[in-house]
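For reference, the chains in residue letters:
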Amino acid sequence: MMERLNWIRDLVKSEERMEETGVVDMSIGFDNDKTLALETMNFLEKLKNEMIDAANSFNELKASPLGRIKIYGIAKTQADFMLFRNGYKMIFSFRQPGTVSIRFNFLGPNQYLPSQMPNIIENGSGAQAMSPAASASGQLMEENLVIARRGPFQELQWTFQDQKIDFTSMVKYHLTLFIRESAK
């Protein structure tokens, strides 16, 4: 609830500063850099919580303790985190305000950095799947960038490749990709 009132609190503070200094601030309520950084942190926190829930479900359903998913916060960062399993890691990080980076690699004697993200195809119902060529090649992304865009009333819309994302689908896609590739 308090988070939803932050923009009102910012308006009150701006108006008080205006009354104290006599300087009119035409950008009241639209501190884009500060707001975008906060929204990006909130997005990463929400993403981390969803990944923790999904990973916990996976780990509980897995009969063997081997190959369970571990999730770590990353030192000296506020919201960055990493999935880890069988020497593979998927890193979710705050790249800049409004941009979240998702990278995947293998930590082994031969450092593995996938070359590209699979091609995603959409069928008529809006469902997404990997193209047959991407499935066959097993190629993965080097880095996915989820980028915030402002809508007509300054609402924040998270996008991937200029298309609005569905948060649940994004979590499902990345966790499935991570599990499939880290099982090798």
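Structural data are supplied above this passage.
My aim in this report is to walk through the structure given alongside it, one point at a time. (Residues numbered from 1 in each chain as written. Predicted model: local features only at pLDDT ≥ 70, side-chain atom pairs only at ≥ 80, totals over all residues. Heavy atoms only, no water.)

A word on the side chain of T40
Moving on, step 1. Tracing the backbone shows T40 in helix α2 (residues 32-61).
Moving on, step 2. Classification of T40 by relative accessible area gives buried; the value is 0%.
Moving on, step 3. Reaching out from T40, the side chain makes a polar contact with the backbone oxygen of L36 at a distance of 2.7 Å.
Moving on, step 4. Once you skip the residues sitting within four places of it in the chain, T40 turns out to touch F94, Q96, P97, G98, T99, V100 and W158. (Helix = DSSP H or I, 4+ residues; strand = E, 2+ residues; numbered from the N terminus. Buried < 20%, exposed > 50% of the residue type's maximum accessible area, 1.4 Å probe, protein only. Polar contact = N/O pair within 3.5 Å; in protein donor to acceptor, adjacent residues only side chain to side chain. Contact = heavy atoms within 4.5 Å.)

Quick notes on the nonpolar core
Moving on, step 1. Counting 27 residues, the largest nonpolar core has F43, L47, M51, L83, M90 and F92 as the members making the most contacts within it.
Moving on, step 2. Residue assignment for this core shows that the elements contributing at least two residues are α2, β2 (81-85), β3 (88-96), β4 (99-106), β7 (143-150) and α4 (167-182). (Core = buried A, V, L, I, M, F, W, Y, C linked by side-chain atoms within 4.5 Å.)

As for a nonpolar patch on the surface
Moving on, step 1. A contiguous nonpolar surface patch, about 370 Å² in accessible area, is contributed by L5, W7, I8 and V12.
Moving on, step 2. Positionally, I8 belongs in helix α1 (residues 6-21). (Patch = residues over 30% accessible without salt bridge, like charges linked within 9 Å, V, L, I, M, F, W, Y side chains within 5 Å. Areas by Shrake-Rupley, 256 points an atom, 1.4 Å probe, with all protein chains shown as cover. Salt bridge = Lys/Arg side-chain N within 4 Å of Asp/Glu carboxyl O.)

Here's the deal with the side chain of S101
Moving on, step 1. Assignment of secondary structure puts S101 in strand β4.
Moving on, step 2. Taking relative accessible area as the criterion, S101 reaches 1% and is therefore assigned buried.
Moving on, step 3. Only 3.3 Å separates the side chain of S101 from the side chain of R103, close enough to count as a polar contact.
Moving on, step 4. Among the polar contacts listed, one links the side chain of S101 to the side chain of E143, at a separation of 2.5 Å.
Moving on, step 5. Sequence-distant contacts of S101, that is, excluding residues within four places in its chain, are made with I91, F92, S93, R95, E143, N144 and L145.

Things to note about the pattern of salt bridges
Moving on, step 1. According to the stated counting rule, one finds three salt bridges in the structure shown.
Moving on, step 2. The salt bridge partner of R95 is E143, with a shortest N-O separation of 3.6 Å. Taken together, the residues span a long stretch of sequence, with R95 in strand β3 and E143 in strand β7 at a distance of 48 residues.
Moving on, step 3. For R95, a relative accessible area of 48% gives the class partly exposed.
Moving on, step 4. Given a relative accessible area of 31%, E143 falls into the partly exposed group.
Moving on, step 5. When the shortest N-O distance is used, the salt bridge between R180 and E181 registers 3.9 Å.
Moving on, step 6. Overall, the relative accessible area of 37% leaves R180 in the partly exposed class.

Considerations on the environment of D80
Moving on, step 1. For D80, the position within the fold is in the loop between β1 (70-73) and β2.
Moving on, step 2. Excluding its chain neighbours within four sequence positions, the residues that come into contact with D80 are L44, Y72, G73, I74, F92, S93 and F94.
Moving on, step 3. A polar atom in the side chain of D80 sits 2.8 Å from the backbone nitrogen of F94.

Quick word on the packing of aromatic side chains
Moving on, step 1. Summed over all chains, the structure comprises six aromatic pairs.
Moving on, step 2. For the ring pair F43 and W158, a centre distance of 4.2 Å and an interplane angle of 25° mean the geometry is stacked. On the criterion of sequence distance, the pair formed by F43 in helix α2 and W158 in strand β8 (residues 156-160) is long-range, its members being 115 residues apart.
Moving on, step 3. With relative accessibility at 11%, the residue W158 sits in the buried group.
Moving on, step 4. Where F43 meets F167, the ring centres are 5.5 Å apart and the plane angle is 85°; that geometry is what we call edge-to-face. With a gap of 124 residues between them, F43 in helix α2 and F167 in helix α4 connect regions that are remote in the sequence.
Moving on, step 5. Of the residues examined, F43 reaches a relative accessible area of 7% and is grouped as buried.
Moving on, step 6. Of the aromatic side chains, those joined through ring pairs into one cluster are F43, W158 and F167.
Moving on, step 7. For K46, the ring lying beneath its charged end belongs to F167, and the centroid distance is 4.4 Å. (Phe/Tyr/Trp six-rings, centres within 6.5 Å; stacked < 30°, edge-to-face > 60°. Lys NZ or Arg CZ within 6 Å of the ring centre and 35° of its normal.)

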